[in-house]
Amino acid sequence: MDTFRHRRFVRDPALVAEQVIDETILVALGPDATRFSGPYVLNEVGGHIWRLLDGVRTGEEIAAAIAAEFEVSLEEAERDVTAFLDQLERLGAIRAV
């Protein structure tokens, strides 16, 4: 979590999110859409993290929110949030601000 703990992230504006039941579907639109390989489906936790990526909250704050919302330990939330943010950053879906 150290690499993400104090960083803040924003979502790529080319990705539009739609919630369908307990999943969030990310679809790339516009001229930047070709950077993405297709729609991405996020589970309930991933969708919640996605909505928290507002450029204000740090990775640490997001992990704390996930721990509270989904009743998991902070350590587990930190591990999962770190892995998810790393994956989103590698995909180009988010960037640090």
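Since this is a predicted model, take the numbers as computed values, not measurements.

*Asks:* So what's going on with the overall build of the protein? Which residues, and what values?
*Replies:* Along its length, the protein carries four helices and six strands. Along the protein, helices (α) and strands (β) appear in the sequence α-β-β-β-β-α-β-α-α-β when read from the amino end. Radius of gyration (C-alpha) of the protein: 13 Å, near the 13 Å computed for a compact globule of 97 residues. Dimensions along the principal axes, computed over C-alpha positions, put the protein at roughly 40 × 30 × 20 Å. When the 97 residues of the protein are sorted by exposure, 38% land in the buried category. Taking the contacts inside the protein whose residues are at least 6 apart along the sequence as the reference set, 55% of them involve residues at least 24 apart. For the protein, the exposed area adds up to about 5,700 Å²; of that, 51% sits on carbon and sulfur atoms. Taken as two groups, the 10 positive and 18 negative side-chain charges of the protein have centres that lie 7 Å from each other.

*Asks:* Please set out the nonpolar core residue by residue, giving values where relevant.
*Replies:* Note on soluble globular proteins: their nonpolar side chains tend to be buried together. Residues W50, L53 and L85 are the most contacted members of the largest nonpolar core, which totals 24 residues. Looking at this core, the elements that each hand over two or more residues are strand 3 (23-28), strand 4 (40-42), helix 2 (44-52), helix 3 (59-70) and helix 4 (74-91). Looking at this core, the element that brings in the most residues is helix 4, giving five residues.

*Asks:* Lay out the environment of G59 in plain terms, naming residues and giving numbers.
*Replies:* With respect to the secondary-structure elements, G59 resides in helix 3. Residues G59 and F4 lie 55 residues apart in sequence; the distance between their C-alpha atoms is 5.3 Å.

*Asks:* So what's going on with the pattern of salt bridges? Which residues, and what values?
*Replies:* A full pass over the atoms with the stated rule returns six salt bridges. Residue E78 is joined to R5 by a salt bridge in which the shortest nitrogen-to-oxygen separation is 3.4 Å. Note that E78 is positioned in helix 4 and R5 in helix 1 (residues 2-5), a separation of 73 residues in sequence. For R5, a relative accessible area of 19% puts it in the buried group. The closest approach of N and O atoms between D12 and R35, which form a salt bridge, is 2.5 Å.

Reading the values: the criteria
Residues numbered from 1 in each chain as written. Predicted model: local features only at pLDDT ≥ 70, side-chain atom pairs only at ≥ 80, totals over all residues. Heavy atoms only, no water. Helix = DSSP H or I, 4+ residues; strand = E, 2+ residues; numbered from the N terminus. Rg over C-alpha atoms; globule rule 2.2 N^0.38 Å. Buried < 20%, exposed > 50% of the residue type's maximum accessible area, 1.4 Å probe, protein only. Contact = heavy atoms within 4.5 Å. Areas by Shrake-Rupley, 256 points an atom, 1.4 Å probe, with all protein chains shown as cover. Lys, Arg positive; Asp, Glu negative; His and termini not counted. Charge placed at Lys NZ, Arg CZ, Asp CG, Glu CD. Core = buried A, V, L, I, M, F, W, Y, C linked by side-chain atoms within 4.5 Å. Salt bridge = Lys/Arg side-chain N within 4 Å of Asp/Glu carboxyl O.

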